[in-house]
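Residues per chain are reported as follows:
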Amino acid sequence: MLLAASKVFDRCKPVIGVNTDPERSEGHLCLPVRYTHSFPDALQKLYRGEFRWQWRQRIRLYLEGTGINPTPVDLHEQQLSQEQHSWAHINGRFQDQRSEISGPHLLPVRALNEVFIGESLSSRVNYKSCKPSFKFSLHRASYYEISVDDGPWEKQKSSGLNVCTGTGSKAWSYNINKVANQAVEEILKIVTNEYNDSLLYSPEEPKMFFSIREPIVNRVFSSSRQRGFSSKVCVRSRCWDACMVVDGGTSFEFNDGAVASILIDTEDALRTVLLED
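Residues numbered from 1 in each chain as written. Predicted model: local features only at pLDDT ≥ 70, side-chain atom pairs only at ≥ 80, totals over all residues. Heavy atoms only, no water.

Undergrad: In this structure, what is going on with the overall build of the protein? I would like to understand it.
TA: Check the secondary structure of the protein and you find five helices and 17 strands. Residue burial in the protein is summarised as follows: out of 277 residues, 43% are buried. Pairs at least 24 apart in sequence give 70% of the contacts found in the protein among residues at least 6 apart. Entry remark: accessible area of the protein is about 15,300 Å², with carbon and sulfur atoms responsible for 52%. (Helix = DSSP H or I, 4+ residues; strand = E, 2+ residues; numbered from the N terminus. Buried < 20%, exposed > 50% of the residue type's maximum accessible area, 1.4 Å probe, protein only. Contact = heavy atoms within 4.5 Å. Areas by Shrake-Rupley, 256 points an atom, 1.4 Å probe, with all protein chains shown as cover.)

Undergrad: Explain the sheet that holds strand 3 (residues 68-74) to me, please; I cannot follow it from the model alone.
TA: Backbone hydrogen bonds are what pair the strands of a sheet, in a parallel or an antiparallel way. A sheet is described by the order of its strands in space; here seven strands give the open sequence 3-15-14-5-10-11-12, paired in antiparallel fashion. The two strands at the open ends of the sheet, each matched to only one other strand, are strand 3 and strand 12 (227-230). Between one strand and the next, the sheet's axes are offset by a mean angle of 20°, whatever the strand orientation. Bridge analysis of strand 11 (residues 208-213) against strand 12 gives four bridges, and the strand direction is antiparallel. Bridge assignment links Phe-209 to a residue of strand 12, and that residue is Phe-229. (Pairing = 2+ DSSP bridges. Axes fitted to C-alpha atoms, helices over the stretch in contact; angles between N-to-C directions.)

Undergrad: What's the story with the nonpolar core in this structure? I'm lost.
TA: Generally speaking, soluble globular proteins have nonpolar side chains that are buried together. Core analysis: the biggest nonpolar cluster contains 27 residues, and Ile-59, Leu-61, Leu-161, Met-244 and Ile-262 have the highest contact counts within it. With four residues, strand 16 (residues 258-264) is the single largest residue contributor to this core. Once you skip the residues sitting within four places of it in the chain, Leu-161 turns out to touch Val-115, Phe-116, Ile-117, Tyr-144, Ile-146, Phe-210, Ser-211, Ile-212, Val-233 and Val-235. (Core = buried A, V, L, I, M, F, W, Y, C linked by side-chain atoms within 4.5 Å.)

Undergrad: Please clarify how the packing of aromatic side chains should be interpreted in this entry.
TA: Two descriptors summarise a pair of aromatic rings, namely the distance from one centre to the other and the angle between the planes of the rings. Scanning the entire structure with this criterion turns up four aromatic pairs. Note on Tyr-143 and Phe-221: the rings are 5.1 Å apart at their centroids and 80° apart in plane angle, and the pair reads as edge-to-face. In this pair, Tyr-143 sits in strand 8 (residues 142-148) while Phe-221 sits in the loop between strand 11 and strand 12, placing the two residues 78 residues apart along the sequence. Tyr-143 gets classed as partly exposed once you look at its relative accessible area, which sits at 24%. With a centroid separation of 5.0 Å and 80° between ring planes, the pair formed by Tyr-201 and Phe-229 is classed as edge-to-face. Linking Tyr-201 in the loop between helix 5 (189-197) and strand 11 with Phe-229 in strand 12, this pair joins segments that are 28 residues apart in sequence. Members of the aromatic cluster, each reached through a chain of ring pairs, are Tyr-201, Phe-209 and Phe-229. For the cation-ring pair, Arg-11 lies above Trp-55, with the distance from its terminal atom to the ring centre recorded as 4.4 Å. Lying over the aromatic face of Phe-229, Lys-207 brings its terminal NZ or CZ to 4.1 Å of the ring centre. (Phe/Tyr/Trp six-rings, centres within 6.5 Å; stacked < 30°, edge-to-face > 60°. Lys NZ or Arg CZ within 6 Å of the ring centre and 35° of its normal.)

Undergrad: Quick question: what am I supposed to make of the layout of surface pockets here?
TA: Here the idea is plain: a probe the size of a water molecule rolls over the atoms and shows the empty space left. Looking at the largest pocket, its volume works out to about 440 Å³. If you trace the largest pocket, you find 25 residues lining it, with His-28, Leu-29, Cys-30, Arg-56 and Leu-274 closest to the centre. Per-element accounting of the lining of the largest pocket gives the leading share, three residues, to strand 17 (residues 270-274). When residues of the lining of the largest pocket are assigned to domains, at least three fall in each of domain 1 (1-57) and domain 2 (59-121 + 140-267). (1 Å grid on protein atoms, 1.4 Å probe; cavity = no way out; pocket = protein on both sides within 12 Å on 5 of 7 lines; lining within 4 Å. Points joined across faces, edges and corners; volume = space filled by probe spheres on them. Domains from an automatic or database assignment.)

Undergrad: Looking at this structure, I do not really get helix 2 (residues 39-48). What am I missing?
TA: Of all the positions in helix 2, only Ala-42, Lys-45 and Leu-46 are classed as buried. The buried residues of helix 2 all sit within an arc of 100° when viewed along its axis, so they share a single face. Across from the buried face of helix 2, at angles greater than 90 degrees, the exposed residues are Pro-40 and Tyr-47. Packing partners of the buried residues in helix 2 comprise strand 17. At the C-terminal side of helix 2, Gly-49 shows a positive phi close to 80°. (Arc of directions from axis to C-beta.)

By themselves, these are just geometric observations and shouldn't be taken as functional.
Here's what the structure looks like:
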């Protein structure tokens, strides 16, 4: 469904998903599971108009600055290791000599689920020279500056930034920010459930939810807002080997000097259908 949606830019062209593997896939973006084995019934309902349109809002992205490369790496067609992912971006940079652009450049993708920004190599294993048998993991945090809804810029370090739509809220804003019942006393369970439910919202609402993953706060870096709804998010990269990944399938280089503007335009909404289960 995500791959099909990424090829559609026409607001009037409907996209309908069918879950072909309901035993292993939840299929949130597809028709109800029962239509997997009775698709002719679904076609009849569509033909008779027994459905309602659902306009799933999508995120558009603008890139500008000196640390960008608008040539995408397609992750749908291949499974890349972290090293291969970085090399693919370097390769694309050499193939496209016009990649250094200054003005805002609208990327040829729309995010139906989410946009993730962070270092490509989030951790690596190092060895102590004095003790070859000992090894430890060194975490590489993502360094960037962020402005929410045209507010002041704030320097941050974290495990990455996620910006999702209502479609992606079940997978992202909810799971990143939810509070587990085990972490609170029994008396707070009701409040916890209400908070967790507030992280979900309709795919048709023209707003985004941003989440800062594991922020680092010290004398240099702050994190006044770690999560929340917004209409616009701007990010200036201070990373060395970072990427911006759209819907887990298209990756763009996003290194020091690059600035991304992330927002929703209702003209990008994806036309889908809702059938009764």
